[in-house]
Amino acid sequence: MIRPDAPVLLEIRDLRASVDEQPILKGVNLMIRAGEIHAVMGRNGSGKSTLSKVLAGHPAYSVTGGSVLYRGEDLLALEPEQRARIGLFLGFQYPIEIPGVSNLEFLRVATNGRRLAQGQEELDTFAFEDLVRERLQVVQMDPAFLERSVNEGFSGGEKKRNEILQMALLEPLVAILDETDSGLDIDALRIVAGGVNHLAGPDNATLLITHYQRLLDVITPDFVHVMAAGRILRTGGKELALELEDRGYDWVDEELASLEAGEAARTPLEVA
Amino acid sequence: MVAVSATEPRHPLPAAATAAPWIADLLADLPAAPSAAVARARELLAQQPLPSRRQEDWRFTDLAPLTTIAPRPLDPAEQASSAPAAPLGPVAEPGRLRLLLDGLRDPLDGLNLPPGLHRLEGEALQAALGRSLAAQGLEADWPVLLNTALAPRVLALRVSAAVAPLLELVNDVGTGQGVEALRLLLLLEDGASLEVLQVQRAAAASATSLLLEAELGRGARLRHGLLAQGHGAASLLAQLVVSQSPGSELDLVSALSGWGLVRLEPRVLQDEGQAATRLRGLQRVDGRQIADTHSQVAFAGPEGRLDQLHKVVADGAGRSVFNGAVRVPRAAQRTDAAQLSRSLLLSDRARIDTKPELEIVADDVKCAHGATVSRLQDDELFYLQSRGIAAAQAARLLLRGYCDEVLAELPGGAAGWQPLERLMGEDPTP
Ligand SMILES: Nc1ncnc2c1ncn2[C@@H]1O[C@H](COP(=O)(O)OP(=O)(O)OP(=O)(O)O)[C@@H](O)[C@H]1O
Ligand SMILES: [Mg+2]
């Protein structure tokens, strides 16, 4: 839902980031207001996951330029856990397995951290079990998964559902879902999409990273962005995704080439 | 003043190497040897220096911390008055039989032993004591000599059937200072089974020598958990010496933490093969602590199985040693042995030495081994942090998960002793 007067939740300006001195994000600009659903598409390796991890504060990436404001606050100055507690959520493309750490305990500790940050009281084990059982229904997950170690031995689809369960518990303001639809069967896709729609409201926003129109058939985006070589090359409405489905990404190369030629021509001037 | 028996050598034999001063002082302070065996052990001990790092078996482990402990026998009364008053650890629940091995009383006194469990004494005891040691040629091993020389308190049990309650053996030295020795003997007859949780604790500068011998008859099952929660000034030398008959199953689980020096030697002999041995070990070092596990499993016949996992957490300037010997001679065809050692390095100043020592002569065998040393994984930490869990708490969760793989294998009643909290050095609720 687009409301030009809705508060800005996330404002990314000319964001640049590298890993091992290798630039990956090369000037990303993006503004997200409350109530909006954004989709980011783009070829493999274009930097989509990197963008999501930099926003969440992954230590492997160093920010080399630009800024990110989260509700007006400097997001990049915060530790990853602080970002999560104030309402930023990243659904991982590849959720991590953590042997020996019980899923239930993990979810409880995480949920209570977020609750404290929102000025709510912590939940004891019993109250939390009630809450988690209720939220399990959003993703139609078997309670047996609570007893297992975090993601350990979960199938690809089960891991993705566990991500959405975490999102349902943490009630983020900005949820970034990195290919949450990959690896899901048709039913699971419907369940996960249903969960995302259920959790999307006028006060929060969602950034979906996806390769497939089929997700956007069930979650209608307000904006679609195409990422290429570490920046957002084009932004449009939901039609842009359909156009990509038809035309593929070949046009990206031409546009990138002209962009880079322009930059190359400009560089000497900047130096001088 | 106790009279010194004639058999006690006050002076080492002329040709012998000089005893370590600490041993000489300790021997001089002991009451008279109650038996010829004890006297003999003292004599042998007096003739040799402490094991040193020049010996392969002690290459990484310096016994210096032991010699900082007062070289005198620990007074059981002091131990009792300093050990935390009741209740020791968790309240004894139904379904467990708790024996206090504090030396103040006969732990079996006035007790109705449950069906299948019997006191072993007299000639039967004399015949069995030392048999497992002899089968592995360990009689003159330094830690064995030390244990014998100290005239240990002995608890010997015969197991004739499946024993229902968990046998909980508790030795809490508390703030007692000095040196003590404990000797246990478990004879499991054919088809018998027993679960033992042995809790060893110290809270000051004491040294405990623990020697367990166990014999498993055909089809017998023993599950033994050693929960050793020490102190930075305390030492523990423990040997678990087991003989297994065909068809028997042995589970040895150990969790060692907090000791200035701990050396654990599980020694298992499958005397005709065809038995199952499962070893689970976890040791944590921090500060300047040393923890050393030297395990040995020998197969004297075919078709034996070994499943071993040894885990280490090394923090501070701690030092961890693991040496896992597996002996598979020609007679041990179709042995199936797997050994995995996993170490978690939490500090740049900590040191980990880990060495599998596979001696395989038989040709038709499966022997797998692996050793890993890692740090907490950034991706795992980040995943937890991205859910709002602070870095320090995330690290603690990961560490607990890591340790729990072994701790969860301790016998059922162990949880009340808060093995995880103590191992992590967290303040357990009293
Ligand atoms: N930690 C890293 N170390 C080295 N290279 C990295 C690292 N992270 C990302 N890269 C590189 O950065 C580029 C962008 O990767 P990223 O994962 O962001 O792509 P993506 O758009 O998410 O691709 P996909 O659609 O395949 O998920 C790739 O070339 C990748 O190899
Ligand atoms: Mg990606």
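Conventions adopted
- Residues numbered from 1 in each chain as written.
- Chains lettered and ligands numbered in written order.
- Predicted model: local features only at pLDDT ≥ 70, side-chain atom pairs only at ≥ 80, totals over all residues.
- Heavy atoms only, no water.
- Helix = DSSP H or I, 4+ residues; strand = E, 2+ residues; numbered from the N terminus.
- Rg over C-alpha atoms; globule rule 2.2 N^0.38 Å.
- Buried < 20%, exposed > 50% of the residue type's maximum accessible area, 1.4 Å probe, protein only.
- Contact = heavy atoms within 4.5 Å.
- Areas by Shrake-Rupley, 256 points an atom, 1.4 Å probe, with all protein chains shown as cover.
- Lys, Arg positive; Asp, Glu negative; His and termini not counted.
- Charge placed at Lys NZ, Arg CZ, Asp CG, Glu CD.
- Donors = N, O, S within 2.8 Å, 3.2 Å for Na, K, Ca; no water.
- Near = heavy atom within 4 Å.
- Polar contact = N/O pair within 3.5 Å; in protein donor to acceptor, adjacent residues only side chain to side chain.
- Nonpolar A, V, L, I, M, F, W, Y, C, P; charged D, E, K, R; others polar.
- Buried area = accessible area lost by both parts, 1.4 Å probe.
- Salt bridge = Lys/Arg side-chain N within 4 Å of Asp/Glu carboxyl O.
- Pairing = 2+ DSSP bridges.
- Axes fitted to C-alpha atoms, helices over the stretch in contact; angles between N-to-C directions.
- Phe/Tyr/Trp six-rings, centres within 6.5 Å; stacked < 30°, edge-to-face > 60°.
- Lys NZ or Arg CZ within 6 Å of the ring centre and 35° of its normal.
- Parallel < 35°, antiparallel > 145°, perpendicular 65-115°, else oblique.
- Left-handed = near helix turned anticlockwise from the far one by under 90°.
- Core = buried A, V, L, I, M, F, W, Y, C linked by side-chain atoms within 4.5 Å.

Enquirer: Describe the overall build of chain A, and please don't skip the residues or the numbers.
Expert: The helix and strand tally for chain A stands at 9 helices and 12 strands. Relative to a compact globule of 272 residues, whose C-alpha radius of gyration would be 19 Å, chain A shows 19 Å and is just as compact. Seen through its principal axes, chain A has C-alpha atoms that stretch 65 × 40 × 40 Å. Counting only residues that meet the buried cut, chain A has 53% of its 272 residues in that class. Sequence-distant contacts, at least 24 apart, represent 71% of the contacts inside chain A between residues at least 6 apart. Carbon and sulfur atoms make up 50% of the accessible area of chain A, which amounts to about 12,300 Å² in all. Positive and negative side-chain charges of chain A, numbering 27 and 43 respectively, have mean locations separated by a distance of 2 Å.

Enquirer: Summarise the coordination of the magnesium ion (ligand 2); cite the residues concerned and give the values.
Expert: Residues and elements named next belong to chain A. Binding of the magnesium ion (ligand 2) to the protein goes through Ser-49 (OG) and Gln-93 (OE1), at separations of 2.0 to 2.1 Å. Here Gln-93 lies in the loop between β6 (88-91) and β7 (98-102) and Ser-49 lies in helix α1 (residues 48-56), a separation of 44 residues in the sequence. For Gln-93, a relative accessible area of 18% puts it in the buried group.

Enquirer: Let's hear about the site of ligand 1: which residues, and what values?
Expert: Residue and element names in this part refer to chain A. Taken together, 14 residues sit near ligand 1, with Gly-45, Lys-48, Ser-49, Thr-50 and Tyr-61 positioned nearest. Within the side chain of Ser-49, a nitrogen or oxygen atom sits 2.8 Å from an oxygen atom of ligand 1. At a separation of 2.9 Å, an oxygen atom of ligand 1 approaches a polar side-chain atom of His-211. Protein burial of ligand 1: of its 630 Å² of free accessible surface, 62% is covered by the chains. For the shell around ligand 1, a count of residues per class yields 3 nonpolar, 8 polar and 3 charged.

Enquirer: Go over the interface of chain A and chain B, please, and point to the residues and values.
Expert: Listed as interface residues are 30 residues of chain A and, on the opposing side, 16 residues of chain B. For the pair chain A and chain B, the two sides together bury roughly 1,900 Å², of which 67% comes from carbon and sulfur. When residues of chain A are sorted by the area they lose upon contact with chain B, Glu81(A), Ile96(A) and Ile98(A) head the list and together hold 23% of the total. Linking chain A to chain B there are 1 salt bridge. We note a salt bridge from Arg387(B) to Glu163(A), for which the minimum N-O separation is 2.7 Å. The interface formed by chain A and chain B includes 10 residue pairs in polar contact (both at pLDDT 80 or more). Going through the elements one at a time, α1, α2 (80-85), β6, β7, α3 (103-117) and α5 (156-170) of chain A are the ones with two or more residues in the side of chain A that touches chain B. Looking at the side of chain A that touches chain B residue by residue, the classes come out as 17 nonpolar, 6 polar and 7 charged.

Enquirer: Can you explain the pairing of strand β1 (residues 8-19) of chain A? Please cite residues and give values.
Expert: Remember that side chains alternate between the two faces of the sheet whenever the strand is regular. Residues and elements named next belong to chain A. In this structure, β1 lies alongside strand β2 (residues 22-33), joined through 9 bridges in antiparallel fashion. Bridging from a neighbouring strand, Leu-15 pairs with Val-28 of β2. Hairpin connection of β1 to β2: 2 residues between the antiparallel strands, including Asp-20 at a positive phi of 45°. Relative to strand β4 (residues 62-70), β1 runs antiparallel, the two sharing 7 bridges. Looking at the pairing, Ala-17 lines up with Val-63 of β4.

Enquirer: With reference to specific residues and values, describe the sheet that holds strand β12 (residues 276-285) of chain B.
Expert: All names here are of chain B. One open sheet holds the 9 strands; their spatial order is β1-β4-β6-β8-β10-β12-β14-β16-β18, and the pairing between them is parallel. Every other strand in the sheet has two partners, leaving β1 (96-100) and β18 (366-374) as the edge strands with one partner each. Looking at each pair of strands side by side, their axes are set apart by 10° on average, direction ignored. In the sheet, strand β8 (residues 221-229) pairs with strand β10 (residues 249-257) via 9 bridges, with the strands oriented parallel. For Ala-228, the partnering residue across the bridge sits in β10 and is Leu-256.

Enquirer: Now, about the packing of aromatic side chains: what can you tell me, with residues and values included?
Expert: The tally for this structure, following the rule as stated, stands at 4 aromatic pairs over all chains. Taking 5.8 Å as the distance between ring centres and 55° as the angle between the ring planes, the aromatic pair formed by Phe92(A) and Phe382(B) counts as tilted. Of this pair, Phe92(A) sits in the loop between β6 and β7 while Phe382(B) is found in helix α7 (residues 378-385), placing the two residues in two different chains. Residue classification places Phe92(A) among the buried positions, given a relative accessible area of 7%. Accessibility expressed as a relative area gives 1% for Phe382(B), which makes it buried. Three or more aromatic residues joined by ring pairs make a cluster, and in this case those are Phe92(A), Phe106(A), Phe382(B) and Tyr383(B). The side chain of Arg234(A) reaches across the aromatic face of Trp251(A), ending 4.2 Å from its centre. Directly above the ring of Tyr383(B) sits Arg387(B), whose terminal nitrogen or CZ lies 5.1 Å from the centroid.

Enquirer: Describe the packing of helix α4 (residues 125-139) of chain A against α5(A), with residues and values.
Expert: Geometrically, a packed helix pair is captured by the angle between its two axes and the distance between the axes. All names here are of chain A. At their nearest, the axes of α4 and α5 sit 9 Å apart, and the two run at 125° to each other. On the basis of the axis angle, α4 is oblique to α5. Relative to α5, α4 is oriented so that their crossing is right-handed. Across the interface between the two elements, Phe-128, Leu-131, Val-132, Arg-135, Leu-136 and Val-139 of α4 pack against Arg-161, Ile-164, Leu-165, Ala-168 and Leu-169 of α5. When its residues are assigned to classes, the contact of α4 with α5 shows 9 nonpolar, no polar and 2 charged.

Enquirer: Quick one: what's the story with unusual backbone geometry, residue by residue and with numbers?
Expert: The backbone phi angle of Asp20(A) is positive, close to 45°, even though this residue is not glycine. Structurally, Asp20(A) can be placed in the loop between β1 and β2. At Arg334(B), a position not held by glycine, the phi torsion is positive, near 60°. Relative to the helices and strands, Arg334(B) is located in the loop between β15 (319-328) and β16 (336-345).

Enquirer: Can you explain the nonpolar core? Please cite residues and give values.
Expert: Leu10(A) and Ile12(A) are the most contacted members of the largest nonpolar core, which has 91 residues in total. In contact with Leu10(A), other than residues within four places in its own chain, are Leu30(A), Met31(A), Ile32(A), Leu55(A), Val68(A), Leu69(A), Tyr70(A), Leu75(A) and Val174(A). Within the second largest apolar cluster, 57 residues are counted, among which are Leu184(B), Leu210(B), Leu264(B) and Phe299(B).

Enquirer: Mind laying out the pattern of salt bridges, listing which residues take part and the relevant values?
Expert: Tallying each qualifying case throughout the model produces 44 salt bridges over all chains. Among the salt bridges present, the one from Glu134(A) reaches Arg135(A), with a minimum N-O distance of 3.2 Å. Here Arg135(A) falls in the buried class, since its relative accessible area comes to 14%. Arg98(B) is paired through a salt bridge with Glu168(B); the nearest N and O atoms lie 2.4 Å apart. On the criterion of sequence distance, the pair formed by Arg98(B) in strand β1 and Glu168(B) in strand β4 (residues 166-172) is long-range, its members being 70 residues apart.

So yeah, pure geometry; function would need other evidence.
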